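Analysis of the macromolecular model
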Amino acid sequence: MKRYRSLSQIRLDIDEGKVSCSSLVDYYLERIAQNSHLNAFLEIFDEDAKAQAKLVDQKLKDGSAGRLAGMVLAIKDNISYRGHHVSASSKILEGFEAVYTATAVERLIAEDVIIIGRCNCDEFAMGASNENSAYGAVKNADDESRVPGGSSGGSAVAVQADLCLAALGSDTGGSIRQPAAFTGNVGFKPTYGRVSRWGLLAYGSSFDQIGPISRSMEDCALIYEIMAGKDPHDATSSLKEVDSWEYSPEKKYKIGYIKETIEREGIDSELKAHFNEVLDGLKADGHEIEAVSFPYLDYMVPCYYVLTTAEASSNLSRYSGMLYGHRSSEAQDIDTTFIKSRSEGFGEEVKRRIMTGTFVLSADYYDAYYTKAQKVRRVIQNESKALLDKFDFLISPTTPTAAFKLGEKASDPIQMYLADIYTVQAPLAGLPAISIPTGRTKDGLAIGTQVMGNSFEEKKLFNFCKQVLESYENL
Ligand code: GLN
């Protein structure tokens with residue numbers, strides 16, 4: 001079977017009788033089996049997917065099929081799907097079955113998507129390489145000695161290796177965009193509050209958003225549009241109408257880039273040269289480009305890690321061994337139940353973050369760290385918004401390097417945290433941002449470019465990204 005890049009290609013072939021949902025599911029199941037060494041999936045929902053495919057094929061014949069009929073989707077293992085296991089790639093949730101379905105997933109199912117399985121990720125979405133999973137690292141399909149990025153590494157590789165058409169990830173500080181960049185995919189984090197977090201296992205609640213990883217801009221926009229919108233289960237979801245996007249290729253935009261992002265030490269020279277080429281290409285296409293200064297770059301990663309660890313330490317306190325999840329066999333009373341279950345159930349990075357978060361929230365240090373970081377976040381929000389009042393978009397490389405080697409940064413948390421340098425600004429400020437594939441290194445590794453837009457202006461963002469992608473097709 002040929003490799004499809006978008007749902008519209010599939011729908012054309014379905015209409016011509018060349019494929020069916022059932023044959024597509026069989027194809028992807030075979031691809032998943034052939035590529036099991038990549039470790040992208042933790043579980044395949046094969047029986048469910050086959051049954052759903054039959055149903056959707058029937059609906060397509062009846063003319064009653066939804067907008068996602070023909071789309072085979074994978075979901076990250078921190079998104080709940082009733083009756084299916086969900087573990088956030090953690091031993092602490094081993095064997096746990098979701099008791100309800102995430103609103104985002106429910107809306108996709110209502111439009112006849114087919115869910116093929118759940119994808120490996122960093123434990124509780126904490127990481128940038130997928131090496132923090134309790135179920136082993138995921139390999140980058142372009143070069144298996146390299147990481148796929150994280151934390152949605154399994155979702156990104158599932159799309160990269162053609163194991164499904166698209167996947168859902170979650171993004172707190174870059175976990176959709178960075179793996180999308182490392183695997184040559186489109187990855188999108190919506191405006192905070194645009195997509196319901198109901199059913200997403202919480203990491204940093206004031207940052208987390210569910211979003212798509214796909215091959216095409218159209219699929220990204222379609223999945224987003226269907227998931228987005230008010231959900232009474234999530235008080236932080238916005239009431240704003242979700243408007244649908246229609247492509248206008250001729251529009252010209254005013255684009256800013258933060259000069260510190262490429263002047264900073266640590267950006268790989270090949271990626272820097274590539275980014276300059278992207279800027280030249282945009283100018284040649286008639287867009288207006290301007291360099292601006294944003295002297296807060298070095299504060300972003302520390303600010304992000306103070307706030308998200310604080311939120312994580314609170315969110316993860318529910319995994320206590322009492323009500324669900326792992327309970328230590330050595331638990332004897334309430335204290336040993338908490339201590340032993342959590343010590344055995346959580347991995348090293350998760351423990352590091354819970355301890356950091358507990359520290360920054362402790363009475364003696366609260367003001368020095370947590371309050372200070374909240375103030376820094378407000379400055380970053382205000383200054384980012386001020387730039388986006390002036391420009392349509394801010395553009396940057398998605399990552400300072402292309403996919404790094406497995407093990408290369410695993411023992412150095414600070415190096416790993418710096419992989420997020422360009423991606424944390426958008427969630428700190430609540431803004432929407434996309435990574436799109438714009439090139440490859442001379443070793444053939446994917447390079448992503450990130451475009452950040454103003455709150456709730458996803459439509460404009462999609463339009464620009466589609467224009468850019470058109471000039472980089474066939475990567
Ligand atoms: N790499 C970042 C972190 O470890 C981002 C994770 C995410 O977005 N979930 O927190």
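Going by the structure above, here's the rest.
Residues numbered from 1 in each chain as written. Predicted model: local features only at pLDDT ≥ 70, side-chain atom pairs only at ≥ 80, totals over all residues. Heavy atoms only, no water.

1. Considering the site of the ligand
Heads up, the rule is: Think of it this way: one heavy atom of a residue within 4 Å of a molecule or strand is enough to make that residue near it. Polar contact criterion, stated in full: a pair of N or O atoms within 3.5 Å, where within protein one must be able to donate a hydrogen and the other to accept it, and residues adjacent in sequence count only if both atoms are side-chain atoms. Using a 1.4 Å probe, the Shrake-Rupley method yields the accessible areas, and only the shown protein chains count as cover for residues.
Around the ligand, the surrounding shell holds 15 residues, and the nearest of these are Thr172, Gly173, Ser175, Tyr203 and Tyr304. Contact distances for the ligand include 2.7 Å between an oxygen atom and a side-chain N or O atom of tyrosine 304. Here an oxygen atom of the ligand and a side-chain polar atom of tyrosine 305 are 3.3 Å apart. Considering the ligand on its own, with 290 Å² of exposed area, one finds that the protein chains cover 99% of that surface.

2. Regarding the packing of aromatic side chains
In plain terms, the rule: Two rings belonging to Phe, Tyr or Trp (six-membered ring only in the last case) form a pair when the distance between their centres is within 6.5 Å. Interplanar angles under 30 degrees mark stacking, angles over 60 mark edge-to-face geometry, and anything in between is tilted. Lysine NZ or arginine CZ positioned within 6 Å of the ring centre and within 35 degrees of the ring normal marks a charge as sitting over the ring.
In this structure the tally under the stated criterion is 26 aromatic pairs. One aromatic cluster in this structure is built from Phe96, Phe124, Tyr319, Tyr324 and Phe346. The ring of phenylalanine 404 has lysine 409 lying over it, and the distance from NZ or CZ to the ring centre is 4.8 Å. Seen from the ring of tyrosine 247, lysine 466 lies directly overhead, with NZ or CZ sitting 5.4 Å from the centre.

3. Examining helix α12 (residues 348–360)
Applied cut-off: We count a stretch as a helix when DSSP gives it H or I for four or more residues in a row; a strand needs E for two or more, and each element gets its number in order from the N terminus. Helix span, as expected, comes to 1.5 Å for every residue beyond the first. The classification of residues rests on relative accessible area computed with a 1.4 Å probe and restricted to protein chains. Under 20% of the type maximum is buried, over 50% is exposed, and intermediate values are partly exposed. Note that the arc is computed from the directions linking the helix axis to the C-beta atoms.
The first and last C-alpha atoms of α12 sit 18 Å apart over 13 residues, in line with the 18 Å expected at 1.5 Å per residue. Taken together, the buried positions of α12 are occupied by Glu349, Val350, Arg353, Ile354, Gly357 and Val360. One face of α12 carries all of its buried residues, which in axial projection span an arc of 135°. Exposed and oriented more than 90 degrees from the buried face of α12 are Glu348 and Met355.

4. Things to note about the environment of valine 86
Applicable threshold: Contacts are residue-level and defined by heavy atoms, with any inter-residue pair within 4.5 Å sufficient.
Along the chain, the position of valine 86 falls in the loop between β2 (72–76) and α4 (103–110). Its relative accessible area of 1% is what places valine 86 among the buried residues. Measuring from C-alpha to C-alpha, the distance between valine 86 and aspartate 298 comes to 36 Å, with 212 residues separating the pair along the chain. With residues up to four places along the chain from it excluded, the contact list for valine 86 reads Asp77, Asn78, Ile79, Ser80, Leu93, Phe96, Ala98 and Leu201.

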